[in-house]
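Structural features, examined
So you can see what is in the structure, the chains are spelled out below.
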Amino acid sequence: MAAVKRRLRRWGYSLYDTSLRPLAGDGSDRLFFRLQQPHGRYVVLVSPRSKEPVDENDAVWHIGRHLHRIGVPVPGMLHADVQQGVFVFQDLGSVHLYDLVHKGLCQDRLRTLYHEAVGVLARCHRRAWKGFCAAWCHDASRYDPDFVYERELLYFRRAFLEGLMGVKVPPSEVCEDFRRLALEAGEDRSGLVFHRDFQSRNLMVFQGSLWVIDFQGMRFGPPEYDVAALLLDPYVMLPLGLREELVQLYWRHMRDFLGGSYHRFRERLATVALCRCLQFLAAFAYLGMVKHKRNFLRHIPAGWQRLQELLSANIGKAYPGLRRYLQTLPVLEQLRQRVRVIQDAQG
């Protein structure tokens, strides 16, 4: 932090005892601070480099500037030291879309905000591909079959099935369905890009509008994945009627850009939605059991509900081995047992 403060002073910021206050993080190991100055407030990100030649900091720098340049509402980046991992951003306050939903937002305002979110998403998908560079991506540049299989499906197997449920080896039919699912979800989409974590905790509400954060995971791949992330978000649990309305709204925004039929769009959406459900369940299990961020475990029941809804629909019929296996797992019982063990260990 001494080096961070020296960098901030070189950029002209005044530092005193209470000028830097820690902000609550989420699933990331990065550190965030609110920087109070006589003329305003800013957010400082501290993220020491962890690898070369391309680190998450490079993605923050390049993708953030790119999105700002094309008119996607992201926080303005005022100063950056990519090598040291210190960034100063515009302060968007502390209200996420998630917060408003859980404070009992009226249905009309909720609907308006989610309509705006779909509009922002469509704008991003229409514009961000042009000029987007694979060299900016710190964690693989494409959502291809290998990425899907390793980073989402095997992640689910290792973190959720093995780590949470204690399953040693799933049946061979599950492994075969994983391979087919990876091939289908990871089809080449000819240069389209997506955010990969477009959900209520990554949407800020500031001055009456929505702003997008945590964009450093953007890469080439299926834009439908972001639609699934927003609408199947286990943090919020949107009602089915609103979800269907928002799917159709997105299609109206994007059908001329995406091309093809509405039926094919819905097939692609269902396929990547299944991957997304497996991914966030794996993340909740990993963050809760390995990173000891126990608060994430409480979102597993909602995520499991979303997964079961998908498996009971047409996409489940396409992967019958996976559906049969997952519909019989005693996840909620196992989760309750794990939580009791954790609580007992903590006294």
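Here we summarise the structure given alongside this text. On a predicted model such as this, the values are computed, not experimentally measured, just so you know.

**Quick look at the packing of aromatic side chains**
Taken as a whole and judged by the stated rule, the model has 20 aromatic pairs. On the basis of an interplanar angle of 20° and a centroid distance of 6.1 Å, the ring pair of Phe87 and Phe89 is categorised as stacked. The exposure class of Phe87 is buried, given its relative accessible area of 0%. Arranged with centres 5.3 Å apart and planes meeting at 65°, the rings of Tyr143 and Tyr225 form a pair that is edge-to-face. Here Tyr143, found in the loop between helix 4 (107-127) and helix 5 (145-162), pairs with Tyr225, found in helix 7 (residues 224-231); they are 82 residues apart in sequence, far enough to count as distant. Residue class for Tyr143 comes out buried when judged on its relative accessible area of 2%. Exposure remark for Tyr225: the relative accessible area of 0% places this residue in the buried category. Three or more aromatic residues link up through ring pairs in this structure, and these residues are Tyr98, Tyr235, Phe280, Phe284 and Phe296. When the ring centre of Tyr235 is taken as reference, the NZ or CZ atom of Arg201 above it lies at 4.2 Å.

**A word on the packing of helix 4 against helix 7**
Relative to each other, helix 4 and helix 7 sit at 160°, their axes nearing to 11 Å. Regarding the angle of helix 4 to helix 7, the classification is roughly antiparallel. Helix 4 and helix 7 meet at a crossing whose hand is right-handed. Contacts between helix 4 and helix 7 involve Tyr114, Ala117, Val118, Leu121 and His125 from the first element and Asp226, Val227 and Leu230 from the second. Class assignment of the residues belonging to the contact of helix 4 with helix 7 gives a composition of six nonpolar, one polar and one charged.

**So, unusual backbone geometry**
The omega torsion of the bond from Glu52 to Pro53 falls at 5°, within 30 degrees of zero and hence cis. As for its placement among the helices and strands, Pro53 is situated in the loop between strand 3 (40-46) and helix 2 (56-69). We note that Arg196 has phi near 85°; this positive angle belongs to a residue other than glycine. One can find Arg196 in the loop between strand 6 (193-194) and strand 7 (203-206).

**Quick word on the sheet that holds strand 4 (residues 77-81)**
Taking strand neighbours across the sheet as the criterion, the five strands line up as 1-2-3-5-4 in an open arrangement whose pairing is antiparallel. Strands at the two margins of the open sheet, each flanked by one partner only, are strand 1 (20-23) and strand 4. Averaged over all neighbouring strand pairs, the angle between strand axes comes to 25°, with direction disregarded. Here helix 1 (residues 2-10) sits on the sheet and contacts strand 1, strand 3, strand 4 and strand 5 (86-90); the angle it forms with strand 5, its principal contact strand, is near 55°. Across the sheet, helix 2 lies against strand 4 and strand 5, angled at about 150° from strand 4, the strand it touches most.

**Details of the pattern of salt bridges**
Using the criterion set out here, one finds 25 salt bridges in the structure. In this structure, Arg30 engages Asp214 in a salt bridge whose closest nitrogen and oxygen atoms are separated by 2.9 Å. Remark: Asp214 occurs in the loop between strand 8 (209-212) and strand 9 (219-220) and Arg30 occurs in the loop between strand 1 and strand 2 (31-37); sequence separation between them is 184 residues. A salt bridge links Glu224 to Arg189; the nearest nitrogen and oxygen atoms lie 2.7 Å apart. Highlighted residues: Glu224 in helix 7 and Arg189 in the loop between helix 6 (172-185) and strand 6, separated in sequence by 35 residues. A cluster of three or more residues bridged by salt bridges with shared partners is formed by Glu184, Glu187, Arg264, Glu267 and Arg268.

Rules behind the numbers
- Residues numbered from 1 in each chain as written.
- Predicted model: local features only at pLDDT ≥ 70, side-chain atom pairs only at ≥ 80, totals over all residues.
- Heavy atoms only, no water.
- Phe/Tyr/Trp six-rings, centres within 6.5 Å; stacked < 30°, edge-to-face > 60°.
- Buried < 20%, exposed > 50% of the residue type's maximum accessible area, 1.4 Å probe, protein only.
- Helix = DSSP H or I, 4+ residues; strand = E, 2+ residues; numbered from the N terminus.
- Lys NZ or Arg CZ within 6 Å of the ring centre and 35° of its normal.
- Axes fitted to C-alpha atoms, helices over the stretch in contact; angles between N-to-C directions.
- Parallel < 35°, antiparallel > 145°, perpendicular 65-115°, else oblique.
- Left-handed = near helix turned anticlockwise from the far one by under 90°.
- Contact = heavy atoms within 4.5 Å.
- Nonpolar A, V, L, I, M, F, W, Y, C, P; charged D, E, K, R; others polar.
- Pairing = 2+ DSSP bridges.
- Salt bridge = Lys/Arg side-chain N within 4 Å of Asp/Glu carboxyl O.

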